Amino acid sequence: MVSSRRNTTASLFLWTGLLLFAGLSLEPLLRMPASLFLYHPILMVGTMIFITEGIALLQAPTLPASAHKQRKTWHGYFQAIGLIVIEAGFTAIYVTKDRNNKPHFSTIHGQLGVMCVMWFTAQAIFGSILAYFPRLVGNISQKKQYWNWHRQGGYVLLGLMWITSQTGVRSTSMLALQRDPILINFHWLALGLVSLGLLLPSTL
Ligand code: HEM
C-alpha cells in the first residue's frame, strides 16, 4: 500500500478538481450516440487522472527513503497505466477520423495532442531506463542530472497535457453538446483546484 503521509488538504483540492474536470468533460457525452469517438474523451480523462495523481503521490515532503522508494514504484505503475490509456485514446480518435475521411491533426487540439502522446511515450521510456536499467545511463552524477530532467520534463508535460485537455473540451463538437455554455467556465475552477492540489505540498 502507498503510505498516506501526503498533505490531506492538497489531496482534497486535487481530487475535487479531478472529479469536477471528469464530470464536466464527460457529462456532454451523454447526449451523443454510442460510437468509437466516445472512447477518446473517456480514455483521455482517465489518462489525466492517472498521470496527475501519479505525479502528486511523489510530493509528500517528509517521507523516509524506503517510503519514497515505494512511492516511485507506484508512480511507475500509475504512469504505465496512463501510457496504455493515452495510446488507446489516441487510437480511438485516429481511427475515427480515418473512417470519416477527416484530415488528421488539423486543429490546435489535435496538434498539441499528438505532441503530448509522443512526449509522454518518450518520457515513460526514459523514466523506465533510469529506474530499471540505470547502468545504461552512466555514473551517479549523470544519473542525478537525468532524474532532474525527467522530473522537470514531467511537470512541463503535465502542464501541456492540461492545456491540451482544455482545448479538447472546448473543441467545436464538444461545445455543441454543452447543456449550457456557462458550464464550460467551471473548468477554470477545476484547473484552479488541481493546481492548488499540486502546488500546496511544495509550499508547506
Ligand atoms: C491530454 C489529453 C488529450 C490528448 C493527448 C488528445 C489528443 C488528441 C489528438 C491527437 C487528436 C487528433 C487526432 C487526429 O487528428 O487524428 C484529438 C482530437 C480530438 N479530441 Fe482530444 N486529446 C486529449 C483530450 C481530449 C478531451 C479531454 C476531449 C474532450 C472531452 C477531447 C476531444 C477531442 C475531439 C472532439 C477531437 C476531434 C477534433 C479535433 O481534432 O480537434 N480530447 N485529440
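Residues numbered from 1 in each chain as written. Predicted model: local features only at pLDDT ≥ 70, side-chain atom pairs only at ≥ 80, totals over all residues.

The protein carries the name Cytochrome b561 domain-containing protein in an unreviewed UniProt entry, which gives Phycomyces blakesleeanus as its organism. Here is the UniProt Cofactor (unreviewed entry) comment for the protein, exactly as written: "heme b". (UniProt positions renumbered as here; feature names shortened; annotations may be inferred.)

What the protein contains, in helices and strands, is 7 helices and 0 strands. Overall, the protein shows an N-to-C arrangement of helices and strands of α-α-α-α-α-α-α. In summary, the protein has a C-alpha radius of gyration of 18 Å against a globular reference of 17 Å for 204 residues, a match within 12%. Across its three principal axes, the protein shows a C-alpha extent of roughly 50 × 40 × 25 Å. Scored against the burial criterion, the 204 residues of the protein give a buried share of 26%. In the protein, of all internal contacts separated by at least 6 residues, the share reaching a separation of at least 24 is 78%. (Helix = DSSP H or I, 4+ residues; strand = E, 2+ residues; numbered from the N terminus. Rg over C-alpha atoms; globule rule 2.2 N^0.38 Å. Buried ≥ 20, exposed ≤ 12 C-beta atoms within 10 Å, placed from the backbone. Contact = placed C-beta atoms within 7 Å.)

We now examine the packing of helix α4 (residues 108-132) against helix α5 (residues 140-169). Packing of α4 against α5 leaves a shortest axis separation of 9 Å and a crossing angle of 155°. Here α4 is positioned roughly antiparallel relative to α5, judged by the angle of their axes. α4 and α5 meet at a crossing whose hand is left-handed. Grouping the amino acids of the contact of α4 with α5 by side-chain chemistry returns 13 nonpolar, 10 polar and 1 charged. (Axes fitted to C-alpha atoms, helices over the stretch in contact; angles between N-to-C directions. Parallel < 35°, antiparallel > 145°, perpendicular 65-115°, else oblique. Left-handed = near helix turned anticlockwise from the far one by under 90°. Nonpolar A, V, L, I, M, F, W, Y, C, P; charged D, E, K, R; others polar.)

Counting 27 residues, the largest nonpolar core has Leu14, Met48, Ile86, Phe120 and Val194 as its most contacted members. When contributions to this core are tallied by element, the ones reaching two or more residues are α1 (8-26), α2 (39-56), α3 (65-99), α4, α5 and α7 (186-203). If near-sequence neighbours (up to four positions away) are discounted, Leu14 is found in contact with Ala56, Val194, Gly197 and Leu198. (Core = buried A, V, L, I, M, F, W, Y, C linked by C-beta atoms within 7 Å.)

The end-to-end C-alpha distance of α2, which contains 18 residues, comes to 26 Å, matching closely the 26 Å that a straight helix rising 1.5 Å per residue would cover. Those residues of α2 not exposed but buried are His40, Pro41, Leu43, Met44, Val45, Thr47, Met48, Ile51, Thr52, Gly54 and Ala56. (Expected span 1.5 Å × (residues − 1).)

When the UniProt feature table is mapped to this numbering, "transmembrane region" (unreviewed entry) covers residues 36-57, 77-96, 108-133, 154-176 and 182-200. What you have in residues 36-57 is 82% helix and 0% strand, and the ends, taken at the C-alpha atoms, are 32 Å apart. Regarding residues 77-96, the helix share stands at 100% and the strand share at 0%, and the terminal C-alpha atoms are separated by 29 Å.

This part covers the site of the ligand. For the ligand, the set of nearby residues contains 26 residues, the closest of which are Pro41, Met44, Gly110, Gly113 and Gly168. Counting only elements with at least two residues in the shell around the ligand, the list comes to α2, α3, α4, α5 and α6 (172-176). It is α4 that contributes the most residues to the shell around the ligand, 6 residues altogether. The residue makeup of the shell around the ligand, split by class, is 13 nonpolar, 12 polar and 1 charged. (Near = placed C-beta within 6 Å.)

Let us look at the confidence of the model for the protein. Atomic detail in the predicted coordinates should be set aside for any region of low pLDDT. Of all residues in the protein, 96% attain a pLDDT of 70 or more, and the chain-wide mean is 94. Across the protein, the secondary-structure element scoring lowest on mean pLDDT is α7, at 92, and the one scoring highest is α2, at 98. (pLDDT = per-residue confidence, 0-100.)

For the rest of this paragraph, the subject is α4. Between the first and last C-alpha of α4 there are 36 Å, a value that for 25 residues agrees with the 36 Å anticipated at 1.5 Å per step. Among all positions in α4, only His109, Gly110, Gly113, Cys116, Val117, Phe120, Gln123, Ala124 and Gly127 are buried. Along its buried surface, α4 packs onto α3 and α5.

The next point concerns the packing of α3 against α4. Angle between the axes and distance between the axes: these two values describe a pair of packed helices. Put simply, α3 and α4 touch, their axes get as near as 10 Å, and they point 150° apart. When the axes of α3 and α4 are compared, the pair comes out roughly antiparallel. Note that α3 runs across α4; the crossing there is left-handed. Contact with α3, carried on its side by Gly76, Gln79, Leu83, Ile86 and Phe90, involves Val117, Phe120, Thr121, Ala124 and Ala131 of α4 and no other residues of that element. The residue inventory of the contact of α3 with α4, partitioned by class, reads 7 nonpolar, 3 polar and no charged.

Before going further, it helps to spend a moment on the environment of Thr107. Its place among the elements puts Thr107 in the loop between α3 and α4. Separated by 61 residues in sequence, Thr107 and Gly168 have C-alpha atoms that sit 9.8 Å apart.

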